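Residue-level listing of the chains:
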Amino acid sequence: MSSFLKDTAQQLLASDIPLKEMMVVLPNRRAGLFFTKYLSEAIAEPQWMPEVKTIEEVFYDLKGERPADELTLIFELHRIYSSLQTYNSEEDREKDSFEKFYFWGEIILKDFNDIDQFLADPEKVYENLAEQKILESDLSFLTEEQRVLISQFWKSFEEQSPEEKQKFLRFWEILGSLYQKFQASLETLGLSYGGRIYRSVIENLNQNEKPEKHVYFLGFNAFTKAEEKLIKHYIKEFGARIFWDIDQYYLQDNRQEAGLFFRDYQKDPIFGPTFPEDIPDRISGKNDRIHTYSIPLKSNQANLVGKIAESIGKEEALEETVVILPDEQLLFPVLHALPNEIEKLNVTMGYPIRNAPVFAFLDAVLDLQRYLKEKEDKAFFYHKPVIDLLAFTYLRSENEGFVEQAIDQIRVNNQTSIPAESLAKGGKMFELIFRKVAAEELFVYLSDLIRYLASSLENDPVQRSYLFQAFKQLTRIQAIFRDNQRAEINKDFYLKIFRKLFRELKLPFDGEPLEGLQIMGVLESRNLDFKRVIICDLNEGSFPPGGGINSMIPFNLRRAFGLPVQEQNDAIYAYTFYRLLHRAEEVHLIYTTASDQGKVGEMSRFVQQMKVELGITSPSPVMIPVDLTKGKEIRIEKSEEVLKSLRRYYLGQEGGTSFSASALNTYLDCRLRFYLRYIAGLKEKEEVVSEIDPSTFGTLLHNALELLYAKKEGDEPKVITSHEIKRLKETIPNAVEKAIRDFYHLDAEEELELSGQLQIARAVISNYIKAVLDYDLRNGDFKILSLEKKYFDSLEVETFEGERKVALSGLIDRVDEKDGVIRLIDYKTGKDKKKVTSIESLFDRDDKNRNKAAMQTLLYSRFFKAENPGNPLKVKPAIFNVREIYNPDFNPFLMMEKAEIEDFSSVAEEFEVGLHALISEIFDKNQEFNQTEDEEKCEYCPYKEICGR
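Residues numbered from 1 in each chain as written. Predicted model: local features only at pLDDT ≥ 70, side-chain atom pairs only at ≥ 80, totals over all residues. Heavy atoms only, no water.

- The protein is annotated in an unreviewed UniProt entry as PD-(D/E)XK nuclease family protein of Algoriphagus sediminis.

### A look at the overall build of the protein
- The helix and strand tally for the protein stands at 38 helices and 26 strands.
- For the protein, whose C-alpha radius of gyration is 39 Å, the value lies well above the compact-globule estimate of 30 Å for 949 residues.
- A principal-axis box enclosing the C-alpha atoms of the protein has dimensions of 120 × 75 × 65 Å.
- A total of 949 residues make up the protein; the buried ones form 50% of that total.
- Considering only contacts within the protein whose residues lie at least 6 apart along the sequence, 78% involve residues at least 24 apart.
- For the protein, the accessible surface area stands at approximately 47,800 Å², while carbon and sulfur atoms represent 47% of it.
- For the protein, the separation between the mean place of its 124 positive charges and that of its 160 negative charges on side chains is 1 Å. (Helix = DSSP H or I, 4+ residues; strand = E, 2+ residues; numbered from the N terminus. Rg over C-alpha atoms; globule rule 2.2 N^0.38 Å. Buried < 20%, exposed > 50% of the residue type's maximum accessible area, 1.4 Å probe, protein only. Contact = heavy atoms within 4.5 Å. Areas by Shrake-Rupley, 256 points an atom, 1.4 Å probe, with all protein chains shown as cover. Lys, Arg positive; Asp, Glu negative; His and termini not counted. Charge placed at Lys NZ, Arg CZ, Asp CG, Glu CD.)

### With respect to a negative patch on the surface
- A cluster of acidic side chains, namely Glu840, Asp844, Asp846, Glu909, Glu910 and Glu933, defines a negative patch on the protein surface.
- Secondary-structure assignment places Glu909 in helix H37 (residues 905-922). (Patch = residues over 30% accessible without salt bridge, like charges linked within 9 Å, V, L, I, M, F, W, Y side chains within 5 Å. Salt bridge = Lys/Arg side-chain N within 4 Å of Asp/Glu carboxyl O.)

### Regarding helix H3 (residues 55-63)
- Burial in H3 covers these residues: Ile55, Glu57, Val58, Phe59 and Tyr60.
- Considering only its buried residues, H3 is in contact with strand E1 (22-26), helix H2 (29-42), strand E2 (51-54), helix H11 (194-203), strand E3 (214-218) and helix H12 (225-238).
- Gly64 lies just past H3 and shows a positive phi near 75°.

### As for the pattern of salt bridges
- Considering all chains together, one arrives at 68 salt bridges under this definition.
- With a closest N to O distance of 2.5 Å, Arg559 and Glu567 form a salt bridge.
- Overall, Arg559 belongs to the partly exposed group, its relative accessible area being 44%.
- We classify Glu567 as partly exposed; its relative accessible area is 41%.
- Here Asp816 and Arg814 are joined by a salt bridge, their closest N and O atoms 3.0 Å apart.

### What about the nonpolar core?
- Within the largest apolar cluster, 120 residues are counted, with the highest numbers of intra-cluster contacts made by Phe361, Leu389, Leu395, Ile433, Phe434, Phe481 and Phe498.
- Leave out the neighbours within four places in its chain, and Phe361 touches Leu389, Phe392, Tyr394, Leu395, Met429, Ile433 and Leu453.
- Core analysis: the next-biggest nonpolar cluster, separate from the first, contains 82 residues, Ile231, Tyr265, Ile290 and Ile324 among them. (Core = buried A, V, L, I, M, F, W, Y, C linked by side-chain atoms within 4.5 Å.)

### Digging into the sheet that holds strand E7 (residues 345-347)
- Ordered by their spatial adjacency, seven strands build an open sheet running E7-E13-E6-E14-E15-E5-E16, and the pairing between neighbours is parallel. The open sheet is flanked by E7 and strand E16 (620-621), the only strands paired with a single partner.
- Strands strand E5 (290-295), strand E6 (321-324), strand E14 (532-535) and strand E15 (586-592) of the sheet are contacted by helix H15 (residues 300-309), whose axis makes an angle of about 165° with E15. (Pairing = 2+ DSSP bridges. Axes fitted to C-alpha atoms, helices over the stretch in contact; angles between N-to-C directions.)

### Things to note about the packing of aromatic side chains
- Tallying each qualifying case throughout the model produces 74 aromatic pairs.
- Between Phe75 and Phe98, the ring centres sit 4.0 Å apart and the planes meet at 0°, which makes this aromatic pair stacked. With Phe75 in helix H4 (residues 70-84) and Phe98 in helix H6 (residues 98-117), this residue pair connects regions lying 23 residues apart in the sequence. Considered together, Phe75 and Phe98 belong to a single accessibility category, that of buried residues.
- Summarising the aromatic geometry, the rings of Tyr494 and Phe498 are spaced 6.2 Å apart at their centres and angled 25° between planes, so their arrangement reads as stacked. Linking Tyr494 with Phe498, this pair stays in helix H25 (residues 491-504), spanning four residues, or about one helical turn. The exposure classification of Tyr494 matches that of Phe498, with both residues buried.
- Directly above the ring of Tyr791 sits Lys789, whose terminal nitrogen or CZ lies 4.8 Å from the centroid. (Phe/Tyr/Trp six-rings, centres within 6.5 Å; stacked < 30°, edge-to-face > 60°. Lys NZ or Arg CZ within 6 Å of the ring centre and 35° of its normal.)

### Quick word on empty space enclosed by the protein
- Scanning the entire structure with this criterion turns up one cavity of 30 Å³ or more.
- Volume-wise, the largest cavity comes out at about 30 Å³.
- Lining the largest cavity are Ile353, Val358, Phe359, Leu362, Tyr466, Leu467, Ala470 and Phe502.
- Mapped onto the lining of the largest cavity, the elements with two or more residues apiece are helix H17 (357-370) and helix H24 (461-484). (1 Å grid on protein atoms, 1.4 Å probe; cavity = no way out; pocket = protein on both sides within 12 Å on 5 of 7 lines; lining within 4 Å. Points joined across faces, edges and corners; volume = space filled by probe spheres on them.)

### Quick look at the pairing of strand E23 (residues 874-881)
- Most of E23 is tucked away, with seven of its eight residues classed as buried.
- Relative to E23, strand E21 (residues 821-828) is paired through eight bridges, and the arrangement is parallel. For Tyr827, the partnering residue across the bridge sits in E23 and is Phe880.

### Some details on helix H1 (residues 4-14)
- Buried residues of H1: Phe4, Leu5, Thr8, Ala9 and Leu12, and no others. The arc that holds the buried residues of H1, viewed along the axis, is 130°, so those residues lie on one side. (Arc of directions from axis to C-beta.)

### Overview of the side chain of Asn539
- Examined against the element boundaries, Asn539 turns out to sit in the loop between E14 and helix H26 (555-560).
- In terms of polar contacts, Asn539 uses its side chain to reach the backbone carbonyl oxygen of Glu602, at 3.3 Å. (Polar contact = N/O pair within 3.5 Å; in protein donor to acceptor, adjacent residues only side chain to side chain.)

### A short note on the sheet that holds E2
- Strand order across the open sheet formed by four strands is E2-E1-E3-E4, with parallel pairing between neighbours. Here the strands that pair on one side only, and so sit at the sheet edges, are E2 and strand E4 (241-243). Neighbour-to-neighbour, the strand axes of the sheet open up by a mean angle of 25°, direction not taken into account.
- Here E3 runs beside E4; their pairing, made up of three bridges, is parallel. Within E4, the position partnered with Phe217 by the bridge is Ile242.

### Details of the environment of Asp268
- Mapped onto the secondary structure, Asp268 falls in the loop between helix H14 (260-267) and E5.
- We classify Asp268 as buried; its relative accessible area is 15%.
- As a C-alpha pair, Asp268 and Phe98 span 170 residues in sequence and 46 Å in three-dimensional space.
- The residues contacting Asp268, other than those within four sequence positions of it, are Glu228, Lys232 and Pro273.

### Digging into the layout of surface pockets
- Taken as a whole, the second largest pocket encloses approximately 1,600 Å³ of empty space.
- In this structure, the second largest pocket is lined by 47 residues; those nearest its centre are Phe118, Ala222, Phe223, Thr224 and Ile572.
- Those elements that place two or more of their residues in the lining of the second largest pocket are H3, H6, H12, H14, H26 and helix H27 (566-579).
- With eight residues, H27 is the largest single contributor of residues to the lining of the second largest pocket.

### Quick look at a positive patch on the surface
- A cluster of basic residues, Lys95, Lys100, Lys167 and Lys496, forms a positive patch at the surface.
- Judged by its relative accessible area of 42%, Lys167 is partly exposed.

Written as structure tokens, this is what we have:
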């Protein structure tokens, strides 16, 4: 097939000028590699090849300099910036510290680079910018009424103080001086950035001697102003030639952004004559060769690429097919999806280290140091980053037993802060990671860890390659900080800079660039032609990429001074896209319909344009086959193994257990859930509770109330009088604090650090407890019989082995005696109701309004009666719902048929019948453990993924 570089190589070879006397300038090195290949294929005998350079190398060679490292330049930029500012206090100086300035410095340096590459007058640019900011900050023209109206829309709107306003304006005023002084400083230090080198070359253009070789510029599209001046100078003064790679489709249509620059160059007196008389018209006739596809998910594109690649014939050259990936994350999915017949391929794009597992691990290590706290000269880490780190295979492979033990201990003890010394006991890698690290030690900390990781991954060359790239970058920035740091830098900034620089790293792939299927990024395809072109992720926001230009200089000034704006960036990407179509014989364009990170799945404007202008067919929807099989109904038969587990509930069984109210309610809700939790023993995953969820709130409230009303062991039942309640009110804060300490396993002498959420919860719990005490105060004296005490009972039922006694138990929040009545009080923090439709309804699993809390409280009444058979007093069940306690008509007692259940004995017989039938069913050998038919009950079930619901 023909290609621009091949055709140009043949033209140069056919000229009278020897190849060794030529210098060929191209936009990038990859184009130079392919050009050299085509030239070598065309020559008949050995000879010296021409010199091949990129445009940047031409400028750098003319100046005799290379750009300095960006971090070094920002250090120097900050030094100059600080010297131009006036600080009234050390606090003011701290606000302009290097870590605060760094991210602004990146933008300022980029603006300097743009100003120089496009040869704008820096003095005028920044003078206009300062004046514009003065106008924007001057609100004196607004009336008082206008100010009030604006503040209704912008709550943050208010006039700045004179000092703040002056400081704001001062920043913009010094940018011009910052530019000039920065240039002088770089001259002294012998440093440069790319734009400065470009400007210097142009300013001394007439002093450059005529090059010894004939110069040819190939395949350019958009020049910076400096590049344009240099190339024009070479054409006019030295007879250089320029070869354009263009098409009528976008050149002659003023609406086509791809031809934006070329149309301007055609009108130029120097560039104009260099354009060919006959402009090729290749694209307009290719509508039947362009195939577009819409596909549901981004990852599905890889499967489609693999399918298209299967059509590559054995006689075809693989290097004539290219896969363009605007998104690097598609690289590995595409590689895995390629057919086995493709044995050779070349990946020109680097794979970002940020997508590698080892980067995620190093990132988690850095995150760990962000949450380090010191208590009594000991280091403690927050539980979340610790658990995240312990989940990585790198630590598990070092000492899996220790990792499992550490995670269990953290969850069981609900540790929110874990001492570093306990984590460091796991082995060498644990020692390297879990320790306190000062800001200045971070380089050594990471270096030691990377070395150790590399030594432990000897059999994993890919991961070692990632680590090597990270180590190189770390060593580089360590040297820069050592040579430039003039003040102490805090740890958070180091962590941010490490993350930023590591994210930018890419792992290069080894391969033969001129052979095999080509996989590359968008800009790497410049000047290259392929027979078959497959472009993935052709979505708006991806190709062309979205976003704007990050700059201190606003759009109006950038355009006025000829600096690049987003419109020009879009034009560059448009040309890159259409140029791929020039000589392609088969084009496949793929976009996704699913939204991604807030972006809608919209096809690229390029596809939309071609649908209208070329008449290409609408995208073909690609259906990804998905085997959706309905989850099978799960039924667990009562095998011998299951029956053995059920025997544990027999009364007096060694190592046995007992049925709780929660277990029986679970069985009524879903037999399968009961089996998974209480027979198979699949407990819900324990998590460290750092936020106040409803369960934690209820636990803290229960514990605090227990601490308030508790009596000393061995004392007689405690009588609570009005005087005692008034005294207890004063101890509410202490009881709540003690409950919090007990929950988080904090010693009495440890400082209690409460998060904002926990402080709010403490206040709410205190108010609820006060309301409980107020209720008790209004209702007169009572005697506390027990608090948070476990009561036991048994019930003889029919089992698969005949009549057997089954063990029951429950923890009753509070049992007290008042006016000759035993009150069983169950504290609740949810929306539990006290109305009981009927005793029978409590055991009806099909009743959507079944009162679980009432069933539990009545069961507790039975337990109390069982442990106190000689008790002659009435037993009255109650649900103390603290959410309702502020209601003037608050009544905690269970209601049935519009009357309080005054004594459990009045319903005990009917309750016994329902309870007996329920437990007998559990032991019925023929009753399987099956799923509930009411799928609403599955919404918050921890086992719903097992059921597939």
